[in-house]
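# Structural overview for review
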Amino acid sequence: MVTNLSRPGGNITGASFFTAPVVTKTILVNTDNPTTVTEGKNVQKGAAALDLPIQIVTASTEGQIDRAFAAVAQQKMGAVIVSSDPLFFIERNRLVVLQARYGIPMIFADREQAEAGGLISYGASRLDAYRQAGNYIGRVLKGEKPGDLPVVLPTKYILLVKSKTAKALSISLPPSLLARADEVIE
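The notes below deal with the structure included here. Residue numbers here run from 1 along each chain, matching the order of that chain's written sequence. Since the coordinates come from a predicted model, pLDDT governs what is reported: local features require at least 70, and pairs of side-chain atoms require 80 or more to be given and counted, while whole-chain, interface and lining totals use all residues. Hydrogens and waters are ignored; side-chain quantities use all the structure's heavy atoms.

## Here's the deal with the pattern of salt bridges
Proximity of charged atoms lets side chains of opposite charge pair with each other. Convention followed: Within this document, salt bridges are pairs made up of a side-chain nitrogen of Lys or Arg and a carboxyl oxygen of Asp or Glu, the two lying within 4 Å of each other. What counts as a helix is a DSSP run of H or I of at least four residues, what counts as a strand is a run of E of at least two, and both are numbered from the N terminus. When a residue's accessible area, from a 1.4 Å probe over protein chains only, is under 20% of the maximum for its type it is buried; when over 50% it is exposed; and in between it is partly exposed.
According to the stated counting rule, one finds eight salt bridges in the structure shown. Between R111 and E115 there is a salt bridge whose closest N-O contact spans 2.8 Å. Separated by four residues within a single helix, R111 and E115 lie in helix 5 (residues 111-115), roughly one turn from each other. Judged by its relative accessible area of 38%, E115 falls in the partly exposed class.

## Brief notes about the sheet that holds strand 6 (residues 157-162)
For clarity, the cut-off: Any two strands between which DSSP finds at least two bridges are classified as paired.
Read across the open sheet, the five strands follow the order 3-4-5-6-7; overall the sheet is mixed. Strand pairing shows two members of the sheet lacking a second neighbour, strand 3 (80-81) and strand 7 (183-185), which therefore form its edges. Direction of pairing for strand 5 (residues 120-124) relative to strand 6: antiparallel, over a ladder of five bridges. Bridge pairing in strand 6 places I120 opposite V161.

## Quick look at the environment of G123
Worth spelling out the cut-off: Two residues form a contact once any of their heavy atoms are found within 4.5 Å.
Along the chain, the position of G123 falls in strand 5. Taking C-alpha positions, G123 is 9.1 Å from P154, a pair spaced 31 residues apart along the chain. With sequence-adjacent residues up to four places away left out, G123 is seen in contact with A109, K156, Y157 and I158.

## Digging into the packing of aromatic side chains
The condition that has to hold: Two rings from Phe, Tyr or Trp (for Trp, the six-membered ring) form a pair when their centres are within 6.5 Å of each other. A pair whose planes differ by under 30 degrees is stacked, one over 60 is edge-to-face, and the rest are tilted. When the NZ atom of lysine or the CZ atom of arginine is within 6 Å of a ring's centre and also within 35 degrees of its normal, the charge is said to sit over that ring.
Summed over all chains, the structure comprises one aromatic pair. R92 extends its terminal NZ or CZ atom over the ring of F89, reaching a point 4.4 Å from the ring centre. Directly above the ring of F89 sits R126, whose terminal nitrogen or CZ lies 4.6 Å from the centroid.

## Description of the nonpolar core
Burial of nonpolar side chains together is a common tendency in soluble globular proteins. Quick note on the threshold: Here the nonpolar core consists of buried residues drawn from Ala, Val, Leu, Ile, Met, Phe, Trp, Tyr and Cys, with membership extended through side-chain atoms lying within 4.5 Å.
If you look at the biggest cluster of nonpolar residues, it comprises 17 residues, and the most contacted ones within it are L28, F69 and L95. Mapped onto this core, the elements with two or more residues apiece are helix 2 (62-74), helix 3 (86-90), helix 4 (92-102) and strand 4 (106-108). If you tally residues by element for this core, the top one is helix 2, at four residues. Leave out the neighbours within four places in its chain, and L28 touches V57, T58, A59, A68, F69, V80, I81, V82, S83, F88 and L95. Formed by seven residues, the second largest nonpolar core is a distinct cluster that contains I120, V161, L173 and A181.

## As for helix 2
Here is the rule: Multiplying one less than the number of residues by 1.5 Å gives the expected span of a helix.
Taking 1.5 Å as the rise per residue, helix 2 with 13 residues should run 18 Å; its terminal C-alpha atoms sit 19 Å apart, in good agreement. Where the residues of helix 2 are buried, they touch strand 1 (28-29), strand 2 (57-58), strand 3, helix 3, helix 4 and strand 4. The positive-phi residue at the C-terminal boundary of helix 2 is K76, with phi of around 55°.

## Some remarks on the pairing of strand 6
Burial analysis of strand 6 places five of its six residues in the buried class, which makes it a mostly covered element. Bridge count for strand 6 against strand 7 is three bridges, and the pairing is parallel. By the bridge assignment, V161 is partnered in strand 7 with V184.

## Here's the deal with helix 1 (residues 34-49)
Which entries qualify depends on this criterion: The directions from the helix axis to the C-beta atoms form the arc being described. By the criterion applied in these results, polar contacts are pairs of N or O atoms within 3.5 Å in which, for protein atoms, one can donate a hydrogen and the other can accept it, and in which residues neighboring in sequence qualify only through two side-chain atoms.
Between its first and last C-alpha atoms helix 1 spans 23 Å; for 16 residues at 1.5 Å apiece the expected length is 22 Å, and the two agree. Turning to helix 1, its buried residues are T36, E39, G40, V43 and A47. Summarising the axial view, the buried residues of helix 1 lie within an arc of 100°, below the 170-degree limit, and thus occupy one face. What points out from helix 1, more than 90 degrees from its buried face, is the exposed set P34, K45, A48 and A49. The inward-facing, buried residues of helix 1 contact strand 1. Between a side-chain oxygen at the N-terminus of helix 1 and the backbone nitrogen of T35 the separation is 2.9 Å; the capping residue is N33. The first or second residue beyond helix 1 is D51, which carries a positive phi of 60°.

So yeah, pure geometry; function would need other evidence.
What follows is the structure, encoded as structure tokens:
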């Protein structure tokens, strides 16, 4: 949407949930969302560099999510990392049900997805981004041009682990992961 994050120009600025540098592995991408397509390509490159197999599964609609996870279960994949996408955020309860149905642990980008029952979330703090967006609204209302305000990238990332989900999936979480978590919830 902008050509330069530090000086976006035009009539646009804001706070971003840009997670491509953080999401180094994924398996579920929305092909209708260029950001998640880029995440998928980055994962393939990273996996190839480490000589690791990676399979990208796609879903762009609610119905495709169910089919994607049936395929994941059929291929006996060990885990799913869900890319950061509005569809997957909205459908977080469906994803958690699929996680339980197929016994496949899932890692998400948004804390709300782990709170809904996902195993782990690691991603940018939405609260910080919303706070920055509110700050920018105030600055624009006071006369600053949006195009002169740099797009703010996340600086705070939250690792959340849901221990109840780990127990339900019969997963023993390493103490080192629990120690690194910003929050462990039941």
